[in-house]
Structures are given as C-alpha cells and as structure tokens.
Amino acid sequence: VLAAAPVALLTLRPLALAVAELHFRAGRYPACRAVCAGSLTTGDDADVLLWLAFAATWQGDRAAAAQTLQRLDSALSATAADQPQRQWSSYLHALGAYYAGELGQAGDRLAALAQSARGALLAAVLSGQGLVAHRRGDLAQARVRYAQAEALAQAIGDHPRALNMAMMVTTTSSSISV
C-alpha cells in the first residue's frame, strides 16, 4: 500500500490543485492552504507552492507568504524567467512589497513584469499598478490602471476581477471629483 502512495498522490495532484484553486477563488484561504499543505508530501511542487503563496498573501500572512515564495523560487530556480510560475511568483513578490509599504520596490517589480505579462497576469499587474498609484495618492494614474485592468479582465472573461476593477475606477473617480 505504501509503495502505491506516490502514484496515488500523482493521480490526485490535479484534483488537489483544482480544489485548492476553488477554495482560493471562493475566498476560503485557510482551506486552500490546508489542501496545499497536505499536497506537499514529497518535496516542493511549484504549482502547489504557488497556490499556497497566493492564499497566504490574500490572508495577510506576510511571513508565511514570504517563506512560501522563497521555497517556490528555489523550486523554480532552473526554469526560465518567462515561465508563468516564475512570473506569478514575481507578481506575488511585488504584492508583498506593496503590503509592506515598499511602494518603490512594488512599482518597479510591477513595471518590469508588465513588459512580458499577458492575459490574466497582465490584468493582475495593471491592478497592482493601480494599487501602488492609489496608495501614492495619484488617483488619476490609479484610475487609468484600474480601467485598463477592467477592460482586459472583461476581454479575457475574468468577471470577478473586472467587477473589482470597476469598483476601483468608481472609487477613484469619486475621489478625484470631491
């Protein structure tokens, strides 16, 4: 039975990743983290670590997010910089800098990532650039980035992000006119 366990885990890995993503997208970050932690039985799986880092970031657990990102970066060290997992890791590092109040570092990371990002990642990067501009008090620039993120999210069918960005556009528009 124990000899069959790794095969069973490999078979269940896509299911575990899907369940982790489902929990994450539903805002059930502790459940996402539990599924991921339970899936890390044989080393550092980059896909699992990525969801674990996302959940820790969204939960506001900066220490766990940083630790997980460090493990993820080690697991990805042999991959090319333009690989999706590496790009999403860079995005999470930028968010970590933003949440730590390091706006210059966050802005620089997001600007660099915007050069190669596409699709959902680009929408996330534009949203992040909006957050940085918003925190800096540049509401006009924040509104531009949020509107760009909203348009791209709509185009790719990411309706939750599009709705969130529409709310941010409205928030910055009403703040500008006040």
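Residues numbered from 1 in each chain as written. Predicted model: local features only at pLDDT ≥ 70, side-chain atom pairs only at ≥ 80, totals over all residues. Heavy atoms only, no water.

Caption draft 1: Structural view of the pattern of salt bridges. Scanning the model with the defined rule gives three salt bridges in all. Two residues, E21 and R25, come together in a salt bridge whose shortest N-O distance is 2.8 Å. Of this pair, E21 and R25 both sit in helix α1 (residues 5-25), four residues apart, which is roughly one turn of the helix. Under the relative-accessibility criterion, E21 is labelled partly exposed at 29%. According to the relative accessible area criterion, R25 is exposed, its value standing at 58%. (Salt bridge = Lys/Arg side-chain N within 4 Å of Asp/Glu carboxyl O. Helix = DSSP H or I, 4+ residues; strand = E, 2+ residues; numbered from the N terminus. Buried < 20%, exposed > 50% of the residue type's maximum accessible area, 1.4 Å probe, protein only.)

Caption draft 2: Region of interest: the nonpolar core. With 35 residues, the main nonpolar core has W51, F54, Y91 and L92 as its most contacted residues. Residue assignment for this core shows that the elements contributing at least two residues are α1, α2 (29-39), α3 (46-59), α4 (62-75), α5 (84-99), α6 (103-114) and α7 (119-136). With nine residues, α3 is the single largest residue contributor to this core. Aside from chain neighbours lying at most four places away, what touches W51 is L17, A20, E21, F24, R25, C32 and C36. L126, A133, Y146 and A149 belong to the second largest nonpolar core, which has ten residues in total. (Core = buried A, V, L, I, M, F, W, Y, C linked by side-chain atoms within 4.5 Å. Contact = heavy atoms within 4.5 Å.)

Caption draft 3: Looking closely at the layout of surface pockets. Computed from the structure, the largest pocket encloses a volume of approximately 710 Å³. Lining the largest pocket are 23 residues, with F24, R25, W58, D158 and R161 positioned closest to its centre. At the level of elements, α1, α3, α5, α7 and α9 (159-177) are the ones that each hand at least two residues to the lining of the largest pocket. Residue contributions to the lining of the largest pocket peak at six residues, all from α9. (1 Å grid on protein atoms, 1.4 Å probe; cavity = no way out; pocket = protein on both sides within 12 Å on 5 of 7 lines; lining within 4 Å. Points joined across faces, edges and corners; volume = space filled by probe spheres on them.)

Caption draft 4: Inspection of the side chain of T68 at higher detail. Inspection of the secondary structure assignment puts T68 in helix α4. In contact with T68, other than residues within four places in its own chain, are L49, L52 and A53.

Caption draft 5: Quick look at the packing of α3 against α5. In the contact formed by α3 and α5, the axes pass within 11 Å of each other and the chain directions differ by 20 degrees. What the angle tells us is that α3 and α5 run roughly parallel. In this structure, the crossing between α3 and α5 has a hand that is left-handed. Of the residues in α5, those touching α3 at A46, D47, L50, A53, F54, T57 and W58 are Q85, W88, S89, Y91, L92, L95 and Y99. Here the contact of α3 with α5 is built from residues that sort into ten nonpolar, three polar and one charged. (Axes fitted to C-alpha atoms, helices over the stretch in contact; angles between N-to-C directions. Parallel < 35°, antiparallel > 145°, perpendicular 65-115°, else oblique. Left-handed = near helix turned anticlockwise from the far one by under 90°. Nonpolar A, V, L, I, M, F, W, Y, C, P; charged D, E, K, R; others polar.)

Caption draft 6: Representation of the environment of G104. For G104, the location among the structural elements is in helix α6. Owing to a relative accessible area of 35%, G104 belongs among the partly exposed residues under this scheme. Linking G104 and A94, residues ten residues apart in sequence, is a C-alpha distance of 9.9 Å.

Nothing here speaks to function; it is geometry throughout.
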